[in-house]
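Chains, contacts and geometry: an overview
In case you want the letters, here they are:
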Amino acid sequence: MRIIIDGFGGDNAPLEVLKGAARAVNELGVEVTVVGDKEKIESCAKENGVDISKLEIYHAPDVIDVCCDPSKILKEYKDCSMAVGLRLLHEGKGDAFVSGGSTGALVFGATFIVKRLKGIKRVALATVLPTVKEPCMVLDVGANADCRPEMLAQFGVMGSAYMSRHMGRKNPRVALANIGAEPTKGRDLEREAYRLLSSSPVNFIGNIEGRDIPLAGADVVVADGFSGNMILKTMEGMGKFISGSLRGMFSGGIGAKLSGLLVLKKLNEFKKKMDYTEYGGAPLLGTARPVIKAHGSSDANAFCNAIRQAKIFIESNVLEEISAGLDELKNKENVENGQAE
């Protein structure tokens, strides 16, 4: 199994990418191709004492900036590390692609270079978030600010397949993010999406309000990219707020510090639960081959875990289950429209 990784994607590239990739080769038993300026990669590894002897380095001279128009990845930046890596994936020279670079460019590049699964209207950026029980998945979290109801129905199918195969969640509960629990709540988008999800091949449990997401109200939360991104960023902010508040509570004086020592184990467990680096990356669901978006500020641990996510993605045959679910969804839509199954 070979994982392709964008050597210059992310705030801490290429050093943290190289450290994470080297660690992944040793710990996960995968082969890794790092795409980027070969001279700069080798120089960085030498200066920082990173052993890259087990990594394949594939030269790509350019880098696409996060501020660039995403569509430029197809022409002006066709030789950037991200575009070259996506082409290698499309050509079958790797089994999955990981990047911590521009989200917009990755979504655009994956859509037009790697292509979408048959029948997929839009790819969705999905992320796993902590809850009081097991983690849940929210999608879309930013790839599509504007969505149509049929897209949200497809997101439900894709999220359910991922949580079932990748996360081992039996019959995952799928919910639609909304401003109320009743089927009549929300905009036309949510009301029609509710109807479509109700007849889709997933365990749809209805609407979910924002407050119930961290309380483990669902295994998969479906949303348009605008709403999903607001959910994601709000939960990230609350995690930092709570962690900071706890640190402040146990750093005031000798009594507070002693109290902190008594609950240190629990505090570390909580910190780990809220740490995005433990989840590694967010899958871009709907692409013809596995694509993982790592956090822009990823360190070596996060990149290693992103490669781990890519490995599990491949091994769990998520794409096959998504395709089967989409076929079933299409057949049900045809029946509803009076067409032959």
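The numbers attached to residues start from 1 for each chain and follow its sequence in the written order. With pLDDT at 70 or above as the cut-off, local features in this predicted model cover only qualifying residues; side-chain atom pairs require 80 or more to be listed or tallied, and sums for whole chains, interfaces and linings still use all residues. Hydrogens and water molecules were not included; the side-chain quantities draw on all heavy atoms of the structure.

Side note on the environment of Gly217
Position of Gly217 among the secondary structure elements: in the loop between β8 (203-208) and β9 (220-222). Expressed as a C-alpha distance, the spacing of Gly217 and Arg173, which sit 44 residues apart in the sequence, is 8.5 Å. Should any heavy atoms of two residues lie within 4.5 Å, those residues are considered in contact. Excluding residues that lie within four positions of it along the chain, Gly217 makes contacts with Arg173, Ile205, Ile208 and Asp212. Only DSSP runs of H or I with at least four residues qualify as helices, and only runs of E with at least two residues qualify as strands; both kinds are numbered from the N terminus onward.

Structural notes on the packing of helix α5 (residues 149-165) against helix α6 (residues 188-198)
If you want to describe how two helices pack, look at the angle between their axes and the distance between the axes. Interaxial angle, 0 to 180 degrees, is taken between N-to-C directions of lines fitted to C-alpha atoms, where a helix line uses only the stretch in contact. In contact at an axis separation of 8 Å, α5 and α6 are set at 45° when each is read in the N-to-C sense. Considering their axes alone, α5 and α6 lie oblique with respect to each other. Taken as a pair, α5 and α6 cross one another with a handedness that is right-handed. For the pair α5 and α6, contact is made by Pro149, Glu150, Leu152, Ala153 and Gly156 and by Leu189, Glu192, Ala193, Leu196 and Leu197, respectively. Each angle is binned into one of four classes, with values under 35 degrees roughly parallel, values over 145 roughly antiparallel, values of 65 to 115 roughly perpendicular, and all other values oblique. Crossings are sorted by hand: turned counterclockwise from the far helix by less than a right angle, the near helix makes the crossing left-handed, and turned clockwise it makes it right-handed.

Some remarks on the pattern of salt bridges
When a carboxyl oxygen of Asp or Glu is within 4 Å of a side-chain nitrogen of Lys or Arg, the pair counts as a salt bridge. A complete count under the given rule lists 19 salt bridges for this structure. Two residues, Glu56 and Arg2, come together in a salt bridge whose shortest N-O distance is 3.2 Å. Of this pair, Glu56 sits in strand β3 (residues 56-59) while Arg2 sits in strand β1 (residues 2-6), and the two are 54 residues apart along the sequence. Using a 1.4 Å probe on the protein chains alone, a residue whose accessible area is under 20% of its type maximum counts as buried, one over 50% counts as exposed, and one in between counts as partly exposed. Classification of Glu56 as partly exposed rests on a relative accessible area of 37%. Here the residues in one salt-bridge network are Glu134, Arg169, Arg173 and Asp219, joined through shared partners.

Section: the packing of helix α1 (residues 15-28) against helix α10 (residues 300-315)
Two numbers describe how α1 lies on α10: the axes approach to 7 Å, and their chain directions differ by 50°. Between α1 and α10, the interaxial angle falls into the category oblique. The element α1 and its partner α10 pack so that their crossing is right-handed. Between α1 and α10, the contacting residues are Glu16, Val17, Lys19, Gly20, Ala21, Arg23, Ala24, Glu27 and Leu28 on the first element and Ala300, Asn301, Phe303, Cys304, Ile307, Arg308 and Lys311 on the second. When its residues are assigned to classes, the contact of α1 with α10 shows 8 nonpolar, 2 polar and 6 charged. Amino acids outside the nonpolar list (Ala, Val, Leu, Ile, Met, Phe, Trp, Tyr, Cys, Pro) and the charged list (Asp, Glu, Lys, Arg) are all regarded as polar, and Gly is one of them.

Some thoughts on a nonpolar patch on the surface
Each patch is built from salt-bridge-free residues with over 30% relative accessible area, joining like charges within 9 Å and nonpolar side chains (Val, Leu, Ile, Met, Phe, Trp, Tyr) within 5 Å. In this description, accessible areas are obtained by the Shrake-Rupley approach with a 1.4 Å probe, and a residue is regarded as covered only by the protein chains that are shown. A grouping of Met238, Phe241 and Ile242 is seen on the molecular surface, where their side chains present a nonpolar patch of about 280 Å² in accessible area. Assignment of secondary structure puts Phe241 in helix α7 (residues 225-249).

Regarding the sheet that holds strand β2 (residues 31-36)
Ordered in space as β3-β2-β1-β4-β11-β10-β5-β6-β9-β7-β8, the 11 strands form an open sheet in which the pairing is mixed. In this open sheet, the two strands that pair with only one neighbour each are β3 and β8. Averaged over all adjacent pairs, the angle separating strand axes in this sheet is 25°, with direction ignored. Strands are treated as partners if at least two bridges between them are detected by DSSP. Note: strand β6 (residues 136-139) against β9, 3 bridges, orientation parallel. Its bridge partner being in β9, Val138 is matched across the sheet by Val221. Across the sheet, helix α3 (residues 81-90) touches β1, β2, β3, β4 (96-99) and β11 (291-294), and the angle it forms with β4 is around 165°.

Some details on the nonpolar core
What is meant by a nonpolar core is a set of buried Ala, Val, Leu, Ile, Met, Phe, Trp, Tyr and Cys residues, joined one to another through side-chain atoms within 4.5 Å. Grouped together as the largest cluster of nonpolar side chains are 63 residues, with contacts concentrated most on Leu18, Val32, Val34, Leu55, Phe155, Leu285 and Ile307. Of the residues forming this core, the biggest block, 9 residues, is contributed by α5. In terms of nonpolar packing, the next biggest core, distinct from the first, is built from 39 residues, Val84, Leu125, Leu129 and Ala175 among them.

Observations concerning the pairing of β6
Walk down a regular strand and you will see the side chains alternate between the two sheet faces. Both faces of β6 are covered, namely the face carrying Cys136 and Val138 and the face carrying Met137 and Leu139. Bridging between strand β5 (residues 124-129) and β6 involves 4 bridges; their strand directions are antiparallel. Bridge assignment links Ala126 to a residue of β6, and that residue is Leu139. Following β5, the chain reverses through 6 residues before pairing antiparallel with β6.

Here we look at unusual backbone geometry
Going from Ala13 to Pro14, the amide bond is cis rather than trans, its omega being 0°. Relative to the assigned elements, Pro14 resides in the loop between β1 and α1. Residue Asp140 is bonded to the preceding Leu139 through a cis peptide linkage, with omega at 5°. Residue placement: Asp140 occurs in the loop between β6 and α5. Phi is positive for Asn171, close to 50°, though the residue is something other than glycine. Tracing the sequence through the fold places Asn171 in the loop between α5 and β7 (173-177). Assessed through its relative accessible area of 53%, Asn171 is described here as exposed. In this structure, Ala216 is a non-glycine residue whose phi angle is positive, near 65°. Tracing the chain through its elements places Ala216 in the loop between β8 and β9. Owing to a relative accessible area of 12%, Ala216 belongs among the buried residues under this scheme.

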